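Residue-level structural notes
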Amino acid sequence: MTEKIKLSILDAHAVNPGDLSWDAFKDFADITTYDRTSQEELVQRVKDSDAIFINKVVITEEILQQLPKLRYIGVCATGYNVVDTEACKKRNIVVTNVPAYSTDAVAQHVFALITHFTNSVALHSESVHNGDWVRAKDFVYWKNPLMELAGKTLGIFGYGSIGKKTAEIGKAFGMNVICCTRTQKPGMPESVSREELFRRSDFISLHAPLTPETKDMINKDSLSLMKKSAYLINTARGGFVNEQELADALKEGKIAGYAADVISVEPMKEGNPLMGCPNCVLTPHIAWAPHETRERLMNVCLENLKAWLEGNPQNVVNK
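What counts as what
Residues numbered from 1 in each chain as written. Predicted model: local features only at pLDDT ≥ 70, side-chain atom pairs only at ≥ 80, totals over all residues. Heavy atoms only, no water. Helix = DSSP H or I, 4+ residues; strand = E, 2+ residues; numbered from the N terminus. Expected span 1.5 Å × (residues − 1). Buried < 20%, exposed > 50% of the residue type's maximum accessible area, 1.4 Å probe, protein only. Contact = heavy atoms within 4.5 Å. Pairing = 2+ DSSP bridges. Axes fitted to C-alpha atoms, helices over the stretch in contact; angles between N-to-C directions. Core = buried A, V, L, I, M, F, W, Y, C linked by side-chain atoms within 4.5 Å. Phe/Tyr/Trp six-rings, centres within 6.5 Å; stacked < 30°, edge-to-face > 60°. Parallel < 35°, antiparallel > 145°, perpendicular 65-115°, else oblique. Left-handed = near helix turned anticlockwise from the far one by under 90°. Nonpolar A, V, L, I, M, F, W, Y, C, P; charged D, E, K, R; others polar.

Let us look at helix H5 (residues 103-119). Over its 17 residues, H5 runs 24 Å from end to end, which matches the ideal 24 Å to within 8%, given 1.5 Å per residue. Residues of H5 that are buried include every one of Thr103, Ala105, Val106, Ala107, His109, Val110, Phe111, Leu113, Ile114, Phe117 and Thr118, and no others. Downstream of H5 by a residue or two, Ser120 has a phi angle that is positive, lying close to 50°.

Have a look at this one:
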């Protein structure tokens, strides 16, 4: 390679806040990194770039019209809905993503949220540190009911790599696993309709893509199908949820609890109806973010870039 391409990394902080390195990319490109890039800053920053890496920056046809040099977009994530892939295809711009890099981490986070409800570790630790155990008359006490997962029914909506891993962990806990998916696969758990999944499950974990069909699928009608003792876990997409109707259901005790790592608009906006709701646990989109997971993500991004430069692009989403 005689001349390095110009590469801009537009929201570098989300993937690498400083605990990893972009140095390996310098072997193939003259790189410029920006921790964050607003839509207003986008064109000016990348107008001379041959390639860009993005995470949540939105690339529209209007933006592409102002970037005649651009030939490659690497999405530092599995989902690529932030890019107008058809417009890129018309301009011979290759778009790649990073599939299945976060499977283990996200499935792990699902069960961190589930066991928050079943074991109340944080609640009891706080109680002990507040001196409640010192003052207790007995060797044991509990602040709210505890629950075994063995024998409970775990309903998985969407059976891709993360759904499958979640099912495996559920089975290891002794749970009965059912799933609702469009694609039947050998060896998968019992497949049921969406309505049956909601009716039968003690825990429902969402793992499907956000589509017009799944948008706002968590609403007063679907929530009314659930057991009052059931819990809903969402590490997939905030857009699955009609947040006002879910907030109403939580306040009225129509389901036992909701835990999510995603919200409809991120970062969360002031006045979101889920803020302060009872039995509602929210984490700030961190399921994918362990050090090992982000390191794996960056390695695949580098391999995607190298493959494109060598004329044999991989993980292309707009063929």
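Our focus in this paragraph is unusual backbone geometry. The residue after Glu266, namely Pro267, is reached through a cis peptide bond having omega -5°. Checked against the element boundaries, Pro267 lands in the loop between strand S11 (257-260) and strand S12 (280-282). In the Ramachandran plot, Asn92 falls in the positive-phi region, its phi being about 60° despite a non-glycine side chain. Tracing the chain through its elements places Asn92 in the loop between helix H4 (85-90) and strand S5 (94-96). Residue class for Asn92 comes out exposed when judged on its relative accessible area of 67%.

Position of His291 among the secondary structure elements: in helix H12 (residues 291-309). With relative accessibility at 34%, the residue His291 sits in the partly exposed group. Through-space distance from the C-alpha of His291 to that of Leu20 is 8.3 Å; in sequence the pair is 271 residues apart. In contact with His291, other than residues within four places in its own chain, are Asp19 and Leu20.

Attention shifts here to the side chain of Thr85. With respect to the element layout, Thr85 can be found in helix H4. With residues near it in sequence (within four places) discarded, Thr85 still touches Tyr80, Val317 and Asn318.

On to the side chain of Thr293, then. With respect to the secondary-structure elements, Thr293 resides in helix H12. With relative accessibility at 4%, the residue Thr293 sits in the buried group. Ignoring sequence-local partners within four residues, the contact set of Thr293 consists of Tyr101, Ser102, Ala105 and Trp288.

For the rest of this paragraph, the subject is the sheet that holds S5. Pairing within the open sheet is parallel, and its five strands lie in the order S2-S1-S3-S4-S5. The sheet is open, and its two edges are formed by strand S2 (29-33) and S5, each paired on a single side. For this sheet, the mean inter-axis angle between neighbouring strands, taken without regard to orientation, is 15°. Pairing analysis gives three bridges linking strand S4 (residues 72-75) to S5, with the strands arranged parallel. Across the sheet, the residue bridging to Ile73 is Val95, located in S5.

A word on the sheet that holds S12. If you walk across this open sheet you meet the seven strands as S8-S7-S6-S9-S10-S11-S12, and the pairing is parallel. For this open sheet the edge positions go to strand S8 (190-191) and S12, each flanked by a neighbour on one side alone. Seen against the sheet, helix H8 (residues 161-172) touches strand S6 (153-157), strand S7 (176-180) and strand S9 (203-206) and runs at an angle of roughly 175° to S6.

Counting residues in hydrophobic clusters, the biggest one holds 29 residues, and the most contacted among them are Ile218 and Tyr258. Those elements that provide at least two residues to this core are S7, helix H9 (194-200), S9, helix H11 (243-251) and S11. Top element by residues in this core is H11. It accounts for four residues. Excluding its chain neighbours within four sequence positions, the residues that come into contact with Tyr258 are Phe117, Leu232, Asn234, Val241, Leu246, Leu250, Leu274, Asn279, Cys280, Val281 and Leu282.

Turning our attention to the packing of aromatic side chains. Applying the stated criterion across every chain, the model contains seven aromatic pairs. Chaining the aromatic ring pairs together yields one cluster made of Trp22, Phe25, Phe53, Tyr72 and Trp308.

A few words on the packing of H5 against H8. Axis separation between H5 and H8 bottoms out at 9 Å; the angle between their running directions is 50°. Between H5 and H8, the interaxial angle falls into the category oblique. Where H5 crosses over H8, the handedness of that crossing is right-handed. Between H5, through Thr103, Asp104, Val106, Ala107, Gln108, Val110 and Phe111, and H8, the contact on the second element is made entirely by Ser161, Ile162, Lys165, Thr166, Ile169 and Gly170. Grouping the constituent residues of the contact of H5 with H8 by class yields six nonpolar, five polar and two charged.

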